[in-house]
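In case you want the letters, here they are:
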Amino acid sequence: MTTPALLPLSGRRIPTLSPGASSFPHHRATLRLSEKFILLLILSAFITLCFGAFFFLPDNSKHKRFDLGLEDVLIPHIEPGKEGRHSSGEEEESLRDKIRADHERALQEAKEKLRKSKEELRAEIQTEKTKVVEDLKKKEGPKPLPPVPMPKVVGINDGDPGDPDVKEKRDKIREMMKHAWDSYRQYGWGHNELKPIAKKGHSTNIFGNSQMGATIVDALDSLYIMGLHDEFKDGQEWIEQNLDFSVVSIPMHTRFTAHEMNTVFKVKAVQLAEKLLPAFNTPTGIPWAMVNLKSGVGRNWGWASAGSSILAEFGTLHMEFVHLTYLTGNPAYYQKVMHIRKLLAKMDRPNGLYPNYLNPRTGRWGQHHTSVGGLGDSFYEYLLKAWLMSDKTDAEARKTYDDAIEAIERHLIRKSNGGLTFIGEWKNGHLERKMGHLTCFAGGMFALGADGSPGDKAGHYLQLGAEIAHTCHESYDRTVLKLGPEAFKFDSGLEAVAVRQNEKYYILRPEVIETYWYMWRFTHDPKYRQWGWEAAQAIDKYCRVSGGFSGVKDVYSSNPTYDDVQQSFFLAETLKYLYLLFSSDELLPLESWVFNTEAHPLPVLHLDVDGFSL
C-alpha cells in the first residue's frame, strides 16, 4: 500500500547531506530541501506555461483593477462587490443560532452512534469513505476558468548569436540537453529523475515512491526555448494524461502554445495551488514546509530548529502566487504571500539579518543562523524579483531587499587574505568563513538589482556581482575536474577550496553558471562566456555517461566516482543558463521576463491606464 507523500513547499536549494541523494524534493529529508522543491518546480512551470511565450489567448476581457493591499494588481475577472462584505448584526445572530443547532444535532448523532454495534459502525465508515472518494473525484475534474487576457510575449524564439563560433557552442549545449532528455525518455520516463549509470528511474522516498515526472515538468520550457519541439510535445502529452494530483502527492508546473493546452495547464496549476493552501493553516499564517496533498495535513522537517519553517521555502512563493491571482481572479493566493511579508516586516531582526528558521506556531525565530546560501538564498532573490515582476512598482519589496542586502554586506561579506570576495554564514554571533555553491547565485542577483539601488550604488553592486563571480570561478578553477565543490572555505591558508570530503562533490548545480549569464547580460565581458564554456566542457567530459549525466563525488580526484543521479534541475537550470549564455540578448530579454528560483521565466506585469501589455 503506497503511503501518500508529502509535498514540500518551495525555495531555492538546500544543501545535501549526501551526494548520492536526489534533489527531489528539492529538497530534502536528506537536507536537499530546495534542490527541486517540487512545489516551486511544478507550480512555477505551470504558471510559466500559462503566461509564457508559449500561449496566445484572445485578449477580449475587460480589465478591472483590484486593490490587493500594496499596489494595484491587474485582475481581469473579479466581480465588483464580491469582496470586503461584512455581516450585519442580524446575520451574526443568525449564524450563532445555526452553530447552536448544528452543535445539538452533532450531539444527538453521537448518542445514536454509540448505540450501534461494531459491524454497523464499520459499514457506515466504509460507506462514508466511498462517498468521500466519489466526491473528491468529482471535485478533481477540470473546472472551467474565466478567460485571461495574456500578455503579448516577446523574445521566445531563436536568439541566434550571429558569431559562428558562439553558435557552435550553443549547438553543443543543445546536443547535451537532447542527450539528457533522450536518456530520461528511454530509461526513466515518468519518474522524478534518472539514474544514468543504472539506467532506470529515480523517485525519492519523500513522494511515497510515486512517479510524478518531475524532470518532465521541470524541463519543458528549456526544451521549448532550445527548439526541441517534438520532445516538448512528448512531455506536454505526459503531463496532460498522467499528472494527476488526486492520485498521489505531487510536484508541479509546465506550459504550451495551443489554446486548449493552455486551458489544461491553467486548470492543473489551480488544482495544485488549491491543494497547497492548507499548508498556510498555522497560527501565524507561515506555511508548513510540507503538505500532504490528500489529507491537507502539513508538517515541518524534523531537523529544522525545533519544528521551524525555513526562510528560503516560505519566502519563495511570491512570484508564483501573484501570477495565480492574475490567472484565476482569486485574491487568496496574493493575500497569503502578502501576509508573510507583513508579518516579517513587524519582527525584530538581529543585526538587520533574517534568520533561516521561523516557528509557524509561535511566530518566533528559531536558531540564529543566517545564510545567503542554502536555507535562506531565494528569500532575498524573491524580494528583488517581486519588484521587477511588478514593473518596478512594488516599492515595499524593493526597500526590503535593499535593507536586507545592506545588512548582508555589513555582516556577511568579507575579503579573504588573497583578495577574494566571499559571503559567509552567520551562526549565533559568529561568522563562518565558508561559502556554498548555492550562494554563488548571489553574484547574478547583485548585478540584477544594481539598477534601482539607492543613492549612487548601482556601479558598486555590479562590481560586487563581478567579484562574487570571480570567487566562484576560482572555486571551479582550483579543482582537478574544473567543476566546483558543494562548499569551500576561506581560512587556515586555504581559499575557495573544499576541506571536508562531504563537501567535495558536484551534483550538476547551476548557480555559478547562472551568475555568469547575468554578468554577461549586463557587461558583455567575454570572460563570462569563456568561463561558461569551460564549465560546459568539464560537465561533458566528466559527468556525461551513456545513460545521461551524473554528478561526481570528488572534484579533486582525477578518477571520480559517480553519484548516479541526473538531477531535474540540470535540464531546467544548468543547461538553460548555458544555452542563454551563448544566445543573443533578444532571447528572453530581462526587460520583459523574470526568472524564478528554478529558472522558469515569468513575464513582467506592466500596469498602465490602458490595460495590460508587454
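See the structure shown above.
The shown structure was predicted, so the numbers you read here are calculated from the model rather than taken from an experiment. (Residues numbered from 1 in each chain as written. Predicted model: local features only at pLDDT ≥ 70, side-chain atom pairs only at ≥ 80, totals over all residues. Heavy atoms only, no water.)

## Considerations on the overall build of the protein
Within the protein, the secondary structure is distributed over 17 helices and 23 strands. Sequence separation of 24 or more characterises 70% of the internal contacts of the protein that already satisfy a separation of 6 or more. Roughly 24,400 Å² of accessible area belongs to the protein as shown, and the carbon and sulfur atoms make up 51% of that amount. (Helix = DSSP H or I, 4+ residues; strand = E, 2+ residues; numbered from the N terminus. Contact = heavy atoms within 4.5 Å. Areas by Shrake-Rupley, 256 points an atom, 1.4 Å probe, with all protein chains shown as cover.)

## Some words on the environment of E534
Relative to the helices and strands, E534 resides in helix α16 (residues 526-542). Taking C-alpha positions, E534 is 10.0 Å from H473, a pair spaced 61 residues apart along the chain.

## Side note on the pattern of salt bridges
Pairs can form between side chains of opposite charge whenever their charged atoms are close. Counted under the stated rule, the structure contains 26 salt bridges. For D403, the salt bridge is made with K399, and the minimal N-O distance between the two is 2.7 Å. One end of the pair is D403 and the other is K399, both in helix α12 (residues 395-411) and four residues apart, which spans about a single turn. The partly exposed category is assigned to D403, whose relative accessible area is 38%. Classification of K399 as exposed rests on a relative accessible area of 52%. Among the ionic pairs, D585 bridges to R521, the shortest N-O distance being 3.3 Å. Of this pair, D585 sits in the loop between α17 (568-581) and β20 (593-595) while R521 sits in helix α15 (residues 511-523), placing them 64 residues apart in sequence. When its relative accessible area of 11% is taken as the criterion, R521 is described as buried. Linked by salt bridges that have partners in common, K172, E175, D540 and R544 make up one network. (Salt bridge = Lys/Arg side-chain N within 4 Å of Asp/Glu carboxyl O. Buried < 20%, exposed > 50% of the residue type's maximum accessible area, 1.4 Å probe, protein only.)

## Observations concerning the sheet that holds strand β14 (residues 430-432)
Strands sit in the order β10-β13-β14 across an open sheet of three strands; the sheet is antiparallel. The outermost strands of the open sheet, each flanked by one partner alone, are β10 (369-370) and β14. Bridge analysis of strand β13 (residues 425-427) against β14 gives three bridges, and the strand direction is antiparallel. Along β14, the bridge assignment pairs K427 with H430. (Pairing = 2+ DSSP bridges.)

## Remarks on the nonpolar core
Counting residues in hydrophobic clusters, the biggest one holds 138 residues, and the most contacted among them are F446 and I539. Ranked by residues supplied to this core, first place goes to helix α11 (residues 377-389) with nine residues. With seven residues, the next largest nonpolar core counts A289, M290, A304 and I310 among its residues. (Core = buried A, V, L, I, M, F, W, Y, C linked by side-chain atoms within 4.5 Å.)

## Brief notes about the state of the cysteines
Considering all chains together, one arrives at one disulfide under this definition. Disulfide pairing is shown between C440 and C472; the S-S distance is 2.0 Å. Disulfide C440 to C472: torsion about the S-S bond roughly -95 degrees, handedness left-handed. Placement of C440 in the loop between β15 (434-436) and α13 (442-448) and of C472 in helix α14 (residues 458-477) is noted, with a sequence separation of 32 residues between them. Since its relative accessible area comes to 1%, C440 is described here as buried. Using a relative accessible area of 1% as the deciding quantity, one classes C472 as buried. (Disulfide = S-S within 2.5 Å.)

## Focus: the pairing of strand β17 (residues 494-497)
Each regular strand displays side chains that alternate between the two surfaces of the sheet. Pairing geometry for strand β16 (residues 487-491) and β17, over three bridges, is antiparallel. By the bridge assignment for β17, F490 is matched with E495. Hairpin connection, β16 to β17: the antiparallel pair is bridged by two residues, and S492 has positive phi, about 55 degrees.

## Here we look at unusual backbone geometry
Even without being a glycine, D391 presents a positive backbone phi close to 60 degrees. Overall, D391 belongs to the partly exposed group, its relative accessible area being 29%. Its identity as a non-glycine residue notwithstanding, L508 has a phi of 70 degrees, on the positive side. If you trace the backbone, L508 turns up in the loop between β17 and α15.

## A word on the environment of L578
With respect to the element layout, L578 can be found in helix α17. For the pair L578 and W533, spaced 45 residues apart in the sequence, the C-alpha separation amounts to 8.1 Å. Setting aside residues up to four positions removed in sequence, L578 forms contacts with I173, I513, G532 and A536.

## Quick look at the side chain of T515
With respect to the secondary-structure elements, T515 resides in helix α15. Those residues in contact with T515 that lie beyond four places of it in its chain are C440, F441, A442, G443, G444 and A469.

## What to know about the packing of helix α4 (residues 164-187) against helix α5 (residues 214-225)
For the pair α4 and α5, interaxial distance at closest approach is 12 Å and the crossing angle is 150 degrees. As the angle between them shows, α4 and α5 are arranged roughly antiparallel. With respect to the hand of their crossing, α4 and α5 are arranged in left-handed fashion. Mapping the contact onto sequence places M177, W181 and Y184 in α4 and T215, I216, A219, S222 and L223 in α5. For the contact of α4 with α5, the class distribution of residues is six nonpolar, two polar and no charged. (Axes fitted to C-alpha atoms, helices over the stretch in contact; angles between N-to-C directions. Parallel < 35°, antiparallel > 145°, perpendicular 65-115°, else oblique. Left-handed = near helix turned anticlockwise from the far one by under 90°. Nonpolar A, V, L, I, M, F, W, Y, C, P; charged D, E, K, R; others polar.)

## Concerning the sheet that holds β16
Sheet architecture is open: three strands sit in the order β15-β16-β17, paired in antiparallel fashion. Whereas interior strands pair on both sides, the edge strands pair on one side only; in this sheet they are β15 and β17. Strand-to-strand, the axes of this sheet are offset by a mean angle of 15 degrees, without reference to chain direction.

## Side note on α16
A rise of 1.5 Å per residue sets the reference length of α16, with its 17 residues, at 24 Å; its end C-alpha atoms lie 25 Å apart and thus fit the reference within 8%. The complete set of buried residues in α16 reads Y528, R529, W531, G532, W533, A535, A536, A538 and I539. Looking at the buried positions of α16, the neighbouring elements they touch are α4, α14, α15, β18 (544-545), β19 (548-549) and α17. (Expected span 1.5 Å × (residues − 1).)

## Some thoughts on the packing of aromatic side chains
One pass over the structure, following the stated rule, counts 23 aromatic pairs. Ring centres of Y354 and W365 lie 6.4 Å apart, and the angle between their planes is 85 degrees; this geometry places the pair in the edge-to-face category. Of this pair, Y354 sits in the loop between α10 (332-346) and β9 (357-358) while W365 is found in the loop between β9 and β10, placing the two residues eleven residues apart along the sequence. W365 gets classed as buried once you look at its relative accessible area, which sits at 15%. Here F488 and F490 contribute two aromatic rings whose centre-to-centre distance is 5.8 Å and whose plane-to-plane angle is 70 degrees, an arrangement assigned as edge-to-face. By relative accessible area, F488 is classed as buried at 0%. By relative accessible area, which is 2% here, F490 ends up buried. (Phe/Tyr/Trp six-rings, centres within 6.5 Å; stacked < 30°, edge-to-face > 60°.)

## Let's talk about the pairing of β16
By the criterion of burial, β16 is predominantly enclosed, with four of the five residues buried. In this sheet, β16 lies alongside β15 in antiparallel orientation, the contact comprising three bridges. Paired with G436 across the strands is A487, a residue of β16.

It is worth stressing that arrangement in space is one thing and function is another; only the former is reported here.
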